[in-house]
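Residue-level listing of the chains:
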Amino acid sequence: MRVESGSAQERGILLESLSTLLEKTTASHEGRAPGNRELTDLLPPEVCSLLNPAAIYANNEISLRDVEVYGFDYDYTLAQYADALHPEIFSAARDILIEHYKYPEGIRKYDYNPSFAIRGLHYDIQKSLLMKIDAFHYVQLGTAYRGLQPVPDEEVIELYGGTQHIPLYQMSGFYGKGPSIKQFMDIFSLPEMALLSCVVDYFLGHSLEFDQAHLYKDVTDAIRDVHVKGLMYQWIEQDMEKYILRGDETFAVLSRLVAHGKQLFLITNSPFSFVDKGMRHMVGPDWRQLFDVVIVQADKPSFFTDRRKPFRKLDEKGSLQWDRITRLEKGKIYRQGNLFDFLRLTEWRGPRVLYFGDHLYSDLADLMLRHGWRTGAIIPELEREIRIINTEQYMHSLTWQQALTGLLERMQTYQDAESRQVLAAWMKERQELRCITKALFNAQFGSIFRTFHNPTYFSRRLVRFSDLYMASLSCLLNYRVDFTFYPRRTPLQHEAPLWMDQLCTGCMKTPFLGDMAHIR
């Protein structure tokens with residue numbers, strides 16, 4: 001390619017920009033600042049503004065002034081659980097596999113690793129592959145594991161016919177379950193993913209033949225048995241101080257809403273005795289007086305779609321009553337039922353209802369898409385991820401990645417040997433930075449919200465099924481009950497001048513300059 005003198009001059013400016021940028025980056029990696037400047041001086045002022053882990057984030061505009069009725073799930077919504085619960089679930093399910101499903105005794109050597117998996121991963125049953133998929137159905141390379149070992153990128157691509165893309169028909173359906181691929185969406189699935197990976201690791205490490213579908217079903221059944229047999233309920237009931245977090249804040253949220261004339265209801269899959277003990281611990285013996293309707297063992301998500309199951313009333317001891325339900329009374333406990341009867345009996349419809357839950361499919365999807373309720377997602381991981389985003393290491397890494405991306409886009413115009421060498425060096429460093437940034441969140445799978453640059457499949461569902469999302473219900477205490485949440489205008493790709501890298505490439509400037517201070 002013949003380069004005109006003007007282009008050569010422009011390329012010289014570009015390389016000079018890179019030289020300045022490299023000097024700043026190298027200095028910061030070495031823990032010093034170029035000249036007398038500090039690392040924070042190299043970042044745009046607004047980039048240094050910290051996000052609030054206790055904030056509520058809006059996908060859709062919603063005014064709490066219009067909300068008259070608040071609904072809640074129980075587990076991981078009203079009741080936040082400590083991470084100490086996960087090793088208990090893992091160990092109990094592991095022992096069930098050995099003692100009841102006759103799996104090898106050697107599996108008992110595995111302990112729960114809390115830093116292995118993240119929520120939102122997909123599992124290809126026939127390939128025994130745990131992986132992270134983005135919003136466009138592409139596997140994020142470097143995040144595919146068979147057992148506890150990473151699968152090389154080349155093998156992943158070969159397994160899917162020469163591509164990273166997972167076809168729609170193989171992907172998880174509306175409730176996260178496809179014909180051969182399952183998405184792990186709730187927090188209770190963290191010990192399930194860990195156990196699944198450990199069992200696969202044992203079988204592969206000992207060269208034992210196994211049927212992938214049988215192994216997957218056995219592990220999920222063992223995890224299910226922990227819940228069905230009531231083991232998890234027993235652990236929590238025996239030490240609520242250890243396992244239940246933020247109970248006083250839950251009480252404060254509920255009391256505040258009732259004091260402002262809001263109506264409250266609870267719909268949970270958990271049994272009454274368990275919910276009653278937990279609510280007594282968090283709220284007190286009169287907790288039912290805060291709720292206009294309480295429904296237990298609702299069997300979500302079929303509660304939202306199946307019209308056949310009627311409501312049953314429970315007495316004070318939790319025993320089923322036989323009378324026909326013609327109205328839902330305050331202070332009473334109901335079991336099963338369905339949303340259609342619920343709507344008919346309460347007349348709580350549309351956007352004046354706001355329901356909170358932690359499971360995007362089982363709690364929120366139907367309510368938003370089919371019934372027009374407003375929805376709030378409880379995402380406990382959000383607090384930790386925001387704290388990581390607020391670190392200087394993350395902010396610097398992201399800013400430098402954006403700059404490199406812009407430089408790569410512009411430099412590809414030049415095809416001489418020197419330019420190609422510079423381009424290759426930039427691409428290598430960009431990939432290294434991406435891996436470093438990913439490991440800040442989780443060494444194996446990174447952030448639950450992003451692949452390297454795209455939103456994850458989990459994020460896609462979060463945006464689709466929730467108006468609001470937050471780390472815990474207690475975040476509501478930071479806002480007035482008539483507060484209006486406004487989603488920020490997120491730049492689309494054709495609105496590129498708002499992005500850091502486009503300012504870098506379009507204006508031939510580095511992203512550390514003061515004229516970028518307005519960028520969020």
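Taking an unreviewed UniProt entry as the reference, the protein is identified by name as 5'-nucleotidase domain containing 2 belonging to Gorilla gorilla gorilla. Looking at the Sequence similarities (unreviewed entry) heading of the UniProt record, one finds this comment for the protein: "Belongs to the 5'(3')-deoxyribonucleotidase family."

Visitor: Explain the UniProt feature "binding site: GMP" (unreviewed entry) in the protein here, please?
Guide: The UniProt record annotates "binding site: GMP" (unreviewed entry) at Asp75. The residue aspartate 75 is located in the loop between β3 (69–72) and β4 (80–81) in this model. Not counting chain neighbours up to four residues away, the residues in contact with aspartate 75 comprise Tyr81, Phe188, Thr268, Ser270, Phe274 and Asp358.

Visitor: What am I meant to see in the environment of glycine 331 here?
Guide: Within the fold, glycine 331 resides in the loop between β13 (311–314) and β14 (333–336). We classify glycine 331 as buried; its relative accessible area is 14%. Separated by 42 residues in the primary sequence, glycine 331 and glutamine 289 have C-alpha atoms spaced 5.7 Å apart. Apart from the residues lying within four places of it in its own chain, the contact partners of glycine 331 are Arg288, Gln289 and Phe291.

Visitor: Just checking my understanding: could you explain the nonpolar core for this structure?
Guide: A general trend in soluble globular proteins is that nonpolar side chains are found buried together. In terms of nonpolar packing, the biggest core is built from 137 residues, with Phe291 and Phe342 touching the most fellow members. In terms of residue count, the dominant contributor to this core is helix α4 (residues 189–205) (10 residues). Of the residues that make up this core, three or more belong to each of domain 1 (59–79 + 242–381) and domain 2 (84–237). In contact with phenylalanine 291, other than residues within four places in its own chain, are Phe72, Leu78, Leu254, Leu264, Phe265, Leu266, Met279, Lys330 and Gly331. Among the nonpolar cores identified, the runner-up in size contains 11 residues, and Trp400, Ala403, Val422 and Leu423 belong to it.

Visitor: Please clarify how the packing of aromatic side chains should be interpreted in this entry.
Guide: Evaluated as defined, the whole model comprises 33 aromatic pairs. Relative to phenylalanine 356, the ring of phenylalanine 72 has its centre 5.7 Å away and its plane inclined at 10°; by these criteria the two rings are stacked. Within this pair, whereas phenylalanine 72 is found in strand β3, its partner phenylalanine 356 is found in strand β15 (residues 353–357), the two being separated by 284 residues in sequence. Note on accessibility: phenylalanine 72 and phenylalanine 356 belong to one class, buried. Connected via pairs of aromatic rings, a cluster forms that spans Phe265, Phe342, Trp348, Tyr355 and Trp373. Seen from the ring of phenylalanine 340, arginine 307 lies directly overhead, with NZ or CZ sitting 3.8 Å from the centre.

Visitor: I would appreciate a short explanation of unusual backbone geometry in the present structure.
Guide: Glycine aside, residues mostly have negative phi, and peptide bonds are mostly found in the trans state. Cis peptide bonds are those with omega within 30 degrees of zero, and the linkage from lysine 300 to proline 301 qualifies with 5°. In this model, serine 207 sits at a positive phi of 55°, which is unusual for a non-glycine residue. Given the relative accessible area of 65%, serine 207 is considered exposed. In the Ramachandran plot, glutamine 297 falls in the positive-phi region, its phi being about 45° despite a non-glycine side chain.

Visitor: Hey, could you run me through helix α6 (residues 231–238) in this one?
Guide: Each α-helix winds once per 3.6 residues, and so residues spaced three or four apart point in a common direction. Within α6, the full set of buried residues consists of Met232, Tyr233, Trp235 and Ile236. Along the long axis of α6, the arc covered by the buried residues comes to 160°, so they all point the same way. Close packing links the buried residues of α6 with β4, α2 (85–99), α5 (212–228), α7 (240–243), β10 (244–245) and α9 (272–282).

Visitor: Which parts of the structure should I look at to understand the side chain of aspartate 221?
Guide: As for its placement among the helices and strands, aspartate 221 is situated in helix α5. Within polar-contact distance, the side chain of aspartate 221 engages the side chain of lysine 217 at 2.7 Å.

Visitor: Could you clarify how one ought to interpret the confidence of the model for the protein in this entry?
Guide: Predicted coordinates in areas of low pLDDT are best not read in detail. Overall, the predicted model of the protein reaches an average pLDDT of 86, with 84% of residues at or above 70. Mean pLDDT values for the elements of the protein range from 43 in helix α16 (residues 500–507) up to 98 in β3. Every residue in residues 24–48 is under pLDDT 50, and counting partners more than four places away or in other chains gives 41 contacts.

Visitor: Looking at this model, I keep getting lost on the layout of surface pockets. Mind explaining?
Guide: Regions of empty space are outlined by a rolling probe, equal in size to a water molecule, passed over the atoms. In this structure, the second largest pocket spans a volume of roughly 1,300 Å³. The wall of the second largest pocket is formed by 41 residues, among which Asp186, His227, Asn269, Lys300 and Ser362 lie closest to the centre. Contributions of two or more residues to the lining of the second largest pocket are made by β9 (181–183), α4, α5, α6, β14 and α11 (360–371). Here the residues of the lining of the second largest pocket are counted per class, giving 15 nonpolar, 13 polar and 13 charged. The residue makeup of the lining of the second largest pocket includes at least three contributed by each of domain 1 (59–79 + 242–381) and domain 2 (84–237).

About the thresholds
- Residues numbered from 1 in each chain as written.
- Predicted model: local features only at pLDDT ≥ 70, side-chain atom pairs only at ≥ 80, totals over all residues.
- Heavy atoms only, no water.
- UniProt positions renumbered as here; feature names shortened; annotations may be inferred.
- Helix = DSSP H or I, 4+ residues; strand = E, 2+ residues; numbered from the N terminus.
- Contact = heavy atoms within 4.5 Å.
- Buried < 20%, exposed > 50% of the residue type's maximum accessible area, 1.4 Å probe, protein only.
- Core = buried A, V, L, I, M, F, W, Y, C linked by side-chain atoms within 4.5 Å.
- Domains from an automatic or database assignment.
- Phe/Tyr/Trp six-rings, centres within 6.5 Å; stacked < 30°, edge-to-face > 60°.
- Lys NZ or Arg CZ within 6 Å of the ring centre and 35° of its normal.
- Arc of directions from axis to C-beta.
- Polar contact = N/O pair within 3.5 Å; in protein donor to acceptor, adjacent residues only side chain to side chain.
- pLDDT = per-residue confidence, 0-100.
- 1 Å grid on protein atoms, 1.4 Å probe; cavity = no way out; pocket = protein on both sides within 12 Å on 5 of 7 lines; lining within 4 Å.
- Points joined across faces, edges and corners; volume = space filled by probe spheres on them.
- Nonpolar A, V, L, I, M, F, W, Y, C, P; charged D, E, K, R; others polar.

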